[in-house]
Amino acid sequence: MRRNSRWPGFYKLSVEDRRRVAAEALGIDVDDLISALGDGGLKCDKADKIIENVVGTFSLPFALALNVQINGQDFIAPMVVEEPSVVAAASNAARMVREGGGFTAEADEPIMIAQVQLDEVVDSVRACTRIRQHVGELIELGNEAVPGLVRRGGGVRGVEPRDLGEGMVVVHFHVDCRDAMGANLVNTVAEAVSDRVEELCGGRMGLRILSNLCDRRKVRVTCRVPSHALAADGFDGADVRDGVVRASRFAERDPYRAATHNKGLMNGLDAVVLATGNDWRAVEAGAHAYAARTGQYSPLCTWRADHDDLVGTLEIPLSLGTVGGPARVHDAARLGLRVVDASSAVELAMVAASVGMASNLAALRALATDGIQRGHMALHARSVASAAGALGADVERVAHRIHAAGNVTLEAAKRVLAELSRSTTSSTSAPPPGQ
Ligand code: HMG
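Just so it is clear, the structure is predicted and the values come from calculations on it, not from any experiment.

## What to know about helix 9 (residues 237-253)
Here's step 1: Compared with the 24 Å implied by 1.5 Å per residue over 17 residues, the 25 Å span of helix 9 between its first and last C-alpha is a close match.
Here's step 2: Burial in helix 9 covers these residues: G237, V240, R241, G243, V244, V245, A247, S248 and A251.
Here's step 3: As for helix 9, its buried residues are in contact with helix 10 (255-275), strand 9 (301-306), strand 10 (309-317) and helix 13 (345-368).

If you want it as structure tokens, here you go:
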């Protein structure tokens, strides 16, 4: 079934109606959808088998980002995140990108790196030469350790020695992990080949483990947004475009800004990673190491003007899996994979990266116009109202009043809530404000 991710006004529906609409559009039985999300997707007895010392589980909101179009195909992106406005922002910017034809994405083969480290190597030049002379044998040895992966079309693709100086040599094994994130496979290879590597190089065996700087597994996304699609209340599209470019240049010059710029991108990207049961710490480690690869921490996504358009370019290493990992036991993560319906881990990585790019664009557009607080605070006000104790329809009433008063604080929310309950007690028949 070819999907359409344009669901205008979806956010205005009740949770119940959203579930119904989503189930129908996704071709998922609504009861399956509801039961996958019950208990946050994970019952305590299952959680107890995943990690140690479990005393309970911890839920987070599960939402859908809309309007995402990549290489001409529509995707609905599942997002798990606690921060207000992130999902709205990603959907909002994806809608603008759509007006320019959507995201264009491509990715490397899913190659992870296993590192085998040797210390106290007497002749490191000779050690590296010996490794190069035995590449075929080492590839075969590594593949013997992961026969299932080889059957699925993956396996060790290459071997690369690196001389780190002062007697330290590290040998990289490039492992094609297919649809797995690959940590276990890669570590298996590292341990299986290490004795032979030590024999060839001499010295003392060190660490044998994957590298999270998976720079052979990168995703590249571009988009072209017509200026008119960027226009905001009181802001001309071309001015917004130029504001986004200036914000990008600021991040390119200043690591303090680049960190926040990348945080805005990771807002959306991590949310997809989490919703599909993937390892966000691995993704974060790889992303930030890559952002610092030149010696200066830099933005992962940059923006330029091209004629009337705004053009975005993103490159990021991403190790995501669609098989194995927590999705085997976590019902909501499995649902996340069903929702995104990616044909491979590579395609899932393209979706996560595109949502990251959308998040970055939404934040820069807001910053370049009337600031982040207007849109963000309007949505943040709802969680503040809820924290103040508001329930049901009172959440929106309190949120609306504290946001309109420009005072989105817990104290203000408690005050408004108290006023509302006083007015309800004194006149139970009065209609609620704004209705
Ligand atoms: P708006 O212009 O009021 O939205 O924006 P709209 O009513 O015109 O709707 C446009 C589309 O946005 C909608 O399309 C929805 O897709 C989506 P439609 O469905 O109508 O066809 N949308 C929503 N989706 C779900 N729930 C909603 C909702 N509202 C609109 N309630 C919006 C409002 C908040 C989207 C906008 O102001 C925005 O994009 N702001 C940016 C907010 C943001 O970036 N938040 C991230 C957190 S801030 C942060 O941590 C990162 C930062 O530090 C990074 C950095 O410095 O770079 C800022």
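Right, picking up where we left off after that structure.
## What to know about the site of the ligand
Here's step 1: Surrounding the ligand, one finds 27 residues, the nearest of these being R6, G9, E83, S85 and R257.
Here's step 2: The contact in question runs from an oxygen atom of the ligand to an N or O atom on the backbone of G9, over 3.1 Å.
Here's step 3: At 3.2 Å from an oxygen atom of the ligand is found a side-chain nitrogen or oxygen belonging to R95.
Here's step 4: Summarising the interface, the protein chains cover 79% of the accessible area of the ligand, which totals 1100 Å² for the free molecule.
Here's step 5: Among the elements of the structure, helix 4 (86-99), helix 10, helix 13 and helix 14 (372-387) are those that each provide at least two residues to the shell around the ligand.
Here's step 6: Residues belonging to the shell around the ligand are distributed by class as follows: 11 nonpolar, 11 polar and 5 charged.
Here's step 7: When residues are assigned to domains, the shell around the ligand turns out to be shared by domain 1 (10-107 + 217-371) and domain 3 (375-426), each giving three or more.

## Section: the nonpolar core
Here's step 1: Core analysis: the biggest nonpolar cluster contains 64 residues, and F103, I316 and L318 have the highest contact counts within it.
Here's step 2: Ranked by residue count, the leading element in this core is helix 13, at 12 residues.

## Things to note about the domain arrangement of the protein chain
Here's step 1: Looking at the assigned domains, one finds that the protein chain contains domain 1 (10-107 + 217-371), domain 2 (111-211) and domain 3 (375-426).
Here's step 2: For domain 1 and domain 2, the distance between their C-alpha centres works out to 33 Å.
Here's step 3: Interface of domain 1 and domain 2: buried area, both sides summed, is about 650 Å²; carbon and sulfur atoms make up 53% of it.
Here's step 4: Looking only at domain 1, the three residues that lose the most surface to domain 2 are R217, S319 and V323, adding up to 63% of its buried area.
Here's step 5: There are 0 salt bridges connecting domain 1 and domain 2.
Here's step 6: Where domain 1 meets domain 2, there are 5 residue pairs in polar contact (both at pLDDT 80 or more).

## Some points on unusual backbone geometry
Here's step 1: Positioned with a positive phi, H307 is a non-glycine residue whose angle comes to about 55°.
Here's step 2: Inspection of the secondary structure assignment puts H307 in the loop between strand 9 and strand 10.
Here's step 3: Its identity is not glycine, yet D341 carries a phi of approximately 55°, on the positive side.
Here's step 4: In this fold, D341 is placed in the loop between helix 12 (331-340) and helix 13.

## Let's talk about the environment of A90
Here's step 1: Checked against the element boundaries, A90 lands in helix 4.
Here's step 2: A relative accessible area of 2% places A90 in the buried class.
Here's step 3: With 272 residues separating them in the primary sequence, A90 and A362 have C-alpha atoms 6.5 Å apart.
Here's step 4: Contacts of A90, omitting those with residues within four sequence positions, involve M79, V355, A358 and S359.

## Description of the pattern of salt bridges
Opposite charge on two side chains permits pairing when their charged atoms draw close.
Here's step 1: This model, assessed by the stated rule, comprises 26 salt bridges.
Here's step 2: With a closest N to O distance of 3.5 Å, D17 and R20 form a salt bridge. Within this pair, D17 and its partner R20 are both found in helix 1 (residues 15-26), separated by 3 residues, close to a single helical turn.
Here's step 3: Relative accessible area serves as the criterion here: at 28%, D17 is assigned to the partly exposed category.
Here's step 4: In this structure, D242 and R241 form a salt bridge, with 3.0 Å as the shortest nitrogen-oxygen distance.

## Considerations on the confidence of the model for the protein chain
The predicted coordinates should not be examined in detail at positions where pLDDT is low.
Here's step 1: Here the protein chain averages 95 in pLDDT, while 97% of its residues score no lower than 70.
Here's step 2: Contacts for the low-pLDDT stretch residues 429-435, under 50 throughout, to residues beyond four places or in other chains number 4 contacts.

## Observations regarding the packing of helix 9 against helix 13
Helix-helix packing is characterised by the crossing angle of the two axes and by the distance between the axes.
Here's step 1: The contact between helix 9 and helix 13 brings their axes to 9 Å, and the two run at 110°. It follows from the interaxial angle that helix 9 and helix 13 lie roughly perpendicular. Facing V240, G243, V244 and A247 of helix 9, the residues of helix 13 in contact are L361, L364, R365 and A368.
Here's step 2: Residue composition of the contact of helix 9 with helix 13, grouped by class: 6 nonpolar, 1 polar and 1 charged.

Procedures and definitions
Residues numbered from 1 in each chain as written. Predicted model: local features only at pLDDT ≥ 70, side-chain atom pairs only at ≥ 80, totals over all residues. Heavy atoms only, no water. Helix = DSSP H or I, 4+ residues; strand = E, 2+ residues; numbered from the N terminus. Expected span 1.5 Å × (residues − 1). Buried < 20%, exposed > 50% of the residue type's maximum accessible area, 1.4 Å probe, protein only. Contact = heavy atoms within 4.5 Å. Near = heavy atom within 4 Å. Polar contact = N/O pair within 3.5 Å; in protein donor to acceptor, adjacent residues only side chain to side chain. Areas by Shrake-Rupley, 256 points an atom, 1.4 Å probe, with all protein chains shown as cover. Nonpolar A, V, L, I, M, F, W, Y, C, P; charged D, E, K, R; others polar. Domains from an automatic or database assignment. Core = buried A, V, L, I, M, F, W, Y, C linked by side-chain atoms within 4.5 Å. Buried area = accessible area lost by both parts, 1.4 Å probe. Salt bridge = Lys/Arg side-chain N within 4 Å of Asp/Glu carboxyl O. pLDDT = per-residue confidence, 0-100. Axes fitted to C-alpha atoms, helices over the stretch in contact; angles between N-to-C directions. Parallel < 35°, antiparallel > 145°, perpendicular 65-115°, else oblique.

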